[in-house]
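The primary structure of each chain is shown beneath.
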Amino acid sequence: MSDRSPSLAALYYAVETVVIAPGIVSHEAAHLLACRLAGVEIRGGSVLNPFAADAYLDHERVTSFPADLLIAVAPLLCNTTLAFCVFALAPAVGTLLLSVPLYWLGVCFALTAFPSVGDTETLFETAGELPRILRPGGYLLAAPIRAFTVIPGSAGVGGFALLLVLFGLTQP
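Residues numbered from 1 in each chain as written. Predicted model: local features only at pLDDT ≥ 70, side-chain atom pairs only at ≥ 80, totals over all residues. Heavy atoms only, no water.

Engineer: Which parts of the structure should I look at to understand the overall build of the protein chain?
Structural biologist: Along its length, the protein chain carries 7 helices and 2 strands. Listed N to C, the secondary structure of the protein chain is α-α-β-β-α-α-α-α-α in terms of helices and strands. Total accessible area on the protein chain is roughly 10000 Å²; 71% of this is exposed by carbon and sulfur atoms. (Helix = DSSP H or I, 4+ residues; strand = E, 2+ residues; numbered from the N terminus. Areas by Shrake-Rupley, 256 points an atom, 1.4 Å probe, with all protein chains shown as cover.)

Quick look at the structure:
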């Protein structure tokens, strides 16, 4: 086997990227929208490496905690909404041919809803920049979000749990 052959992990990530691509794209689009709303300049388009576990949006350094928090949790807000909507719509279309793609989209959106460890890496730094009286509140918001994302596999498990909840809430 040569050094140029793809690793098993790279092949896994390539398959995963293809299977849940709509969720990855919407996750990064949510970050983009949040950056635009917060006035954070985008340095380039989203970077998606299909042979690795990362996709990211390159933006300027964020110094505002509210902006940082919004950018970090934007995929949770957007992808949860998208998943809920397509899960609710799927049974209403009436045919299996149309409902299966909608269920697949719902799964893609739910599985990619949670922020990644990279999405939350600056929350404590920006919370520390808040005025002294607001800092404890910033840390109280940042701590559980950051703690969740640093646990290996938490976003995937959380996404799967979200998928089950949203599916259960939307099915007749």
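Engineer: I would appreciate a short explanation of the pattern of salt bridges in the present structure.
Structural biologist: Pairing is possible between side chains that carry opposite charge, provided their charged atoms lie close to one another. Enumeration over the complete set of coordinates arrives at 1 salt bridge. For E125, the salt bridge identified is with R61, shortest N-O distance 2.3 Å. Residue E125 is located in helix α5 (residues 123–127), and its partner R61 is located in the loop between β2 (55–59) and α3 (65–89); the two are separated by 64 residues in the primary sequence. Assessed through its relative accessible area of 38%, E125 is described here as partly exposed. (Salt bridge = Lys/Arg side-chain N within 4 Å of Asp/Glu carboxyl O. Buried < 20%, exposed > 50% of the residue type's maximum accessible area, 1.4 Å probe, protein only.)

Engineer: Explanation requested: the nonpolar core in the structure shown.
Structural biologist: Side chains that are nonpolar tend, in soluble globular proteins, to be buried together. Listed in full, the 12 residues of the largest apolar core are A83, V86, F87, A90, L102, F109, A110, A113, F114, L162, L163 and L166. The set of elements that each furnish at least two residues to this core consists of α3, α4 (96–111) and α7 (154–170). What F87 contacts, discounting residues up to four positions off in sequence, is Y103, G106, V107, L163, L166, F167, T170 and Q171. By size, the runner-up hydrophobic cluster in this structure holds 10 residues, among which are A30, V40, I42 and I71. (Core = buried A, V, L, I, M, F, W, Y, C linked by side-chain atoms within 4.5 Å. Contact = heavy atoms within 4.5 Å.)

Engineer: Looking at this structure, I do not really get the packing of α3 against α7. What am I missing?
Structural biologist: Between two packed helices, both the angle of their axes relative to each other and the distance between the axes serve to describe the pair. Between α3 and α7, the least distance of the axes is 9 Å, while the angle of their chain directions is 40°. Looking at the two axes, α3 sits oblique to α7. Considering the relative orientation of α3 and α7, their crossing is right-handed. Between α3, through T80, A83, F84, F87 and A88, and α7, the contact on the second element is made entirely by L162, L163, L166, F167, L169 and T170. Among the residues making up the contact of α3 with α7, the classes are represented as 9 nonpolar, 2 polar and no charged. (Axes fitted to C-alpha atoms, helices over the stretch in contact; angles between N-to-C directions. Parallel < 35°, antiparallel > 145°, perpendicular 65-115°, else oblique. Left-handed = near helix turned anticlockwise from the far one by under 90°. Nonpolar A, V, L, I, M, F, W, Y, C, P; charged D, E, K, R; others polar.)

Engineer: What should I look at first to understand α7 in this one?
Structural biologist: Side chains three or four residues apart in an α-helix point the same way, a direct result of the helix having 3.6 residues per turn. With 17 residues, α7 extends 24 Å from end C-alpha to end C-alpha; this agrees with the ideal 24 Å at 1.5 Å per step. Within α7, the full set of buried residues consists of S154, G158, G159, L162, L163, L166 and T170. The arc enclosing the buried residues of α7, seen along the axis, measures out at 165°, which places them on a common side. Opposite the buried face of α7, by more than 90 degrees, sit the exposed residues V157 and G168. Buried positions along α7 lie against α3, α4 and α6 (135–150). (Expected span 1.5 Å × (residues − 1). Arc of directions from axis to C-beta.)

Engineer: Please explain α4 as it appears in this structure.
Structural biologist: Relative to the 22 Å expected for 16 residues at 1.5 Å per residue, α4 spans 22 Å between its end C-alpha atoms, a close match to the ideal helical length. Within α4 the residues assigned to the buried category are S99, L102, G106, C108, F109 and A110.

Engineer: Explain the packing of aromatic side chains to me, please; I cannot follow it from the model alone.
Structural biologist: To describe a pair of aromatic rings, you give the distance between the ring centres and the angle between the ring planes. Across all of its chains, the model carries 5 aromatic pairs by this definition. Their ring planes at 45° and their centres at 5.2 Å tell us that F114 and F148 sit as a pair that is tilted. Here the residue F114 occupies a position in the loop between α4 and α5, and F148 occupies one in helix α6, the gap between them amounting to 34 residues. Taken together, the aromatic side chains of F87, Y103 and F167 make up a single cluster linked through ring pairs. (Phe/Tyr/Trp six-rings, centres within 6.5 Å; stacked < 30°, edge-to-face > 60°.)

Engineer: Please clarify how a nonpolar patch on the surface should be interpreted in this entry.
Structural biologist: Together, L33, L37, L70 and L77 give the surface a local cluster of nonpolar side chains, amounting to about 380 Å² of exposed area. For the nonpolar patch, the secondary-structure elements that each account for two or more residues are α2 (21–38) and α3. Summarising the element assignment, L33 is placed in helix α2. (Patch = residues over 30% accessible without salt bridge, like charges linked within 9 Å, V, L, I, M, F, W, Y side chains within 5 Å.)

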